[in-house]
Amino acid sequence: MWPIEALSDAIKQLILLILSFIGFFPALNEGEKDLQTEPKDAEEVDDSLLLPGQGSSQSQQFLQALQEQQQSDEEQFVYFNNAGQGRFSEAVQQAGMEALHRPPWKMVAVDEEEQVRSLFAQLIRAPNGADDIAIMPSTAFAITLAAHNIARLYHQQRVEELKKLKQATSEKFPQEVKILVLQDQYPSAIYPWQEICDKKNLGSNNSLMKKKRSSGSPPSSPSNHSNNSNSNSSSSNTNNNDDHQHYSHGGISWSMHVVPYPEDEYGTMKRTWTESIVEHLCKASNRHAIQAVMLPPLHWADGRIIDLARIGQVCHKRHIPLIVDATQAVGIFKVDVLAEIQPALLACSTHKWLRGPSGTSLVYIHPSVHDTWLPLDQHERGRDMSNSDYYINAATRGHFMDPHTGYYPEAFFSNARKFDAGGKANPMLLPMLQASLQEVAQLNVESVQQSLKQIMQPLLKWCHDHNFVIPSQPHAYHIIGIQPPPYSILLQQPNVLLLSHQQKQQEQRNHYQERLSPKQLVQIARHLEQAHGIILQARCGGLRVAPYLDTTPQDVQALIDALQDIFFGSAVSVWANG
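Described below are features of the structure shown in this document. For clarity, every value in this text was computed on a predicted model and none was experimentally measured.

Here is what the cut-offs are and how they apply
Residues numbered from 1 in each chain as written. Predicted model: local features only at pLDDT ≥ 70, side-chain atom pairs only at ≥ 80, totals over all residues. Heavy atoms only, no water. Pairing = 2+ DSSP bridges. Helix = DSSP H or I, 4+ residues; strand = E, 2+ residues; numbered from the N terminus. Axes fitted to C-alpha atoms, helices over the stretch in contact; angles between N-to-C directions. Contact = heavy atoms within 4.5 Å. Phe/Tyr/Trp six-rings, centres within 6.5 Å; stacked < 30°, edge-to-face > 60°. Buried < 20%, exposed > 50% of the residue type's maximum accessible area, 1.4 Å probe, protein only. Lys NZ or Arg CZ within 6 Å of the ring centre and 35° of its normal. Core = buried A, V, L, I, M, F, W, Y, C linked by side-chain atoms within 4.5 Å. Right-handed = clockwise from strand over helix to strand, strands pointing away.

### Let's talk about the sheet that holds strand β4 (residues 253-259)
- Read from one edge of the open sheet, 7 strands run β2-β8-β7-β6-β5-β3-β4, paired in mixed fashion. Of all strands in the sheet, those with a lone pairing partner are β2 (133-136) and β4, marking the two edges. Between one strand axis and the next, the sheet turns by 20° as a mean value, whatever way the strands run.
- Each of β2, β3 (176-182), β4, β5 (290-295), β6 (322-325), β7 (345-349) and β8 (361-365) is contacted by helix α6 (residues 139-165), which is oriented at about 160° to β7, the strand it contacts most.

As structure tokens, then:
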């Protein structure tokens, strides 16, 4: 055996590293561990951003890693698009790499799946924990589930009511019913209801309207149509368009009731979103006319807050199901389904403020609708037959199908798992999502909002001083929509140097009191990225700024300097000639 002294320094270091890795030198191993877990600048980590009891070195390391990751980006971009896609932390990336390298027989995510349900239930304070959470591919999928069930149950209840009354009309179940939505709400929250309203979109094969085949299925009689819920996804390949034929033949007309922006074209606020929504709910000509309310906790384009606790009380009194798309809130803003909102359904896509991969939506479904709602797709994952005992017994018998009925077992789970989308629990996405939820669950979101408020103040002040329209109170600070002034103000600036006097007069005639067009806003966002390395998005007539915990005062100042240059400096041609 070669003595260590006889080896070169490089080989000695390699052997020492290997030995320390396998535990021969525990002191060295512990020292390296301390270096890994102790934050580099512990005094800079703000423990107030963590929930009580979460001030561990692991939690502090998460906050420190956010700052270091932002500083070490190869491209050195300033990232203000967290409302579009959150960054992957090192832990989330590592979970994905480990999942990718699993052997085929370990490509399962049973444990991660239950952990994801539990962690999300913890974030939103779901009363029954994991049993209230379903896992779906998108928020649009979840909202489509809610829309079809609400429409189906309303039709059934109306038919039963008319039979009981022996008449053609009913004040409780009017022929013309509405879904209340917001102006410029996110498309995934609109398309599922738009499908319900579109009488021309008729199909012929709707599984939700068909009578179930066996007693193992949940009862189809609607017991509580007021308990419905919300979600966020697009309905694709669902073959449920036959609903419209039934509603049309039943004399029911569904339509959107759109609540407009609560201010005028100049940005002067008349009332808050919440006041406007409550007014529309309470002043409906028929108190039964609105049969579903589809809302977010805050507007996705500018961050203005909607008081779902107050609106939820109104919906509850009027027996209106409240559906919530919480994608832009959970993980960064307080969302409490137990004590405050009490929605029929609340859905949240995972790739934004939950900081996980795309392709998943976590969905809270109120226990009161577990029996009366039906899944959007049919498979074994939502049924009791999916447990291992069934498969073992079936294999012993030599068949799965009941020879007397010709059908597979149909009894659903008695909780929200009944509504899981089909397909195997994703062994790639769920480990990453578990890692991201474990980090997000440590945060004190109210303290996070206060921290972001402080960081974003210079931008808000600059916008105010330069006649930009900024969100009226109350608004969140992780999404801030800033709307440039109208042409009449922009063209009066002495620093708009690139326009000739004649061109400026023409612009004033063509665009007086008009806002910048969507095309111009997109050009501005593209210029911010290409010329200044600042990434944000143009949304609903303005620029959406979406910071996170890794946003620094220097980032905010960089954005201010870039906006100053674009609107009042040398880069004015970006929008002025658009």
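### Side note on the sheet that holds strand β11 (residues 537-539)
- Across the sheet, which stays open at both edges, the 3 strands sit in the order β9-β12-β11 with antiparallel pairing between neighbours. In this open sheet, the two edge strands, each paired with only one partner strand, are β9 (480-482) and β11. Taking each pair of neighbouring strands and ignoring which way they run, the sheet shows an average axis angle of 40°.
- Here 3 bridges tie β11 to strand β12 (residues 542-545), and the two strands are oriented antiparallel to one another. Counted as the bridge partner of R539 is G542 from β12.

### Digging into the packing of aromatic side chains
- Scanning the entire structure with this criterion turns up 9 aromatic pairs.
- Judged by centre distance (5.5 Å) and plane angle (55°), the ring pair of Y154 and F173 falls under tilted. Linking Y154 in helix α6 with F173 in the loop between α6 and β3, this pair joins segments that are 19 residues apart in sequence. Each of the two residues, Y154 as well as F173, counts as buried.
- With 5.1 Å between their ring centres and 90° between their planes, F468 and F567 make a pair best called edge-to-face. You can see F468 sitting in the loop between α14 (445-465) and β9 and its partner F567 sitting in helix α18 (residues 553-568), a full 99 residues away along the chain. The residues F468 and F567 share a single accessibility class, namely buried.
- By way of ring pairs, the aromatic residues W462, F468, F567 and F568 are connected into one cluster.
- The side chain of R355 reaches across the aromatic face of Y548, ending 3.7 Å from its centre.
- The residue whose ring lies beneath K418 is F412, and the NZ or CZ to ring-centre distance is 5.1 Å.

### With respect to the nonpolar core
- The biggest cluster of nonpolar side chains holds 98 residues, and the ones touching the most others in it are I124, L281, L346, F567 and W575.
- Those residues in contact with I124 that sit more than four places away from it in its chain are I133, V330, V335, D336, V337, L338, L346 and Y364.
- In terms of nonpolar packing, the next biggest core, distinct from the first, is built from 37 residues, A142, I196, I323 and A421 among them.

### Let's talk about helix α9 (residues 273-282)
- All buried positions along α9 are accounted for by W273, T274, S276, I277, V278 and L281.
- Those residues of α9 hidden inside the fold are in contact with β3, β4, β5 and α10 (308-317).

### So, the pairing of β5
- Of all 6 residues that make up β5, 6 are buried, and the element is covered over most of its length.
- Pairing of β3 with β5, which is carried by 3 bridges, proceeds in the parallel orientation. Note that in β5 the partner of I179 across the bridge is A292.
- In this structure, β5 lies alongside β6, joined through 3 bridges in parallel fashion. Within β6, the residue paired with V293 across the bridge is L322.
- With respect to chirality, the unit in which β5 leads through α10 into the neighbouring parallel β6 is right-handed.

### A few points about unusual backbone geometry
- Phi angles above zero are rare outside glycine, and D184 is one such case at about 60°.
- Checked against the element boundaries, D184 lands in the loop between β3 and α7 (191-197).
- We classify D184 as partly exposed; its relative accessible area is 34%.
- A positive phi angle, near 65°, is found at R355, a position not held by glycine.
- Along the chain, R355 falls in the loop between β7 and β8.

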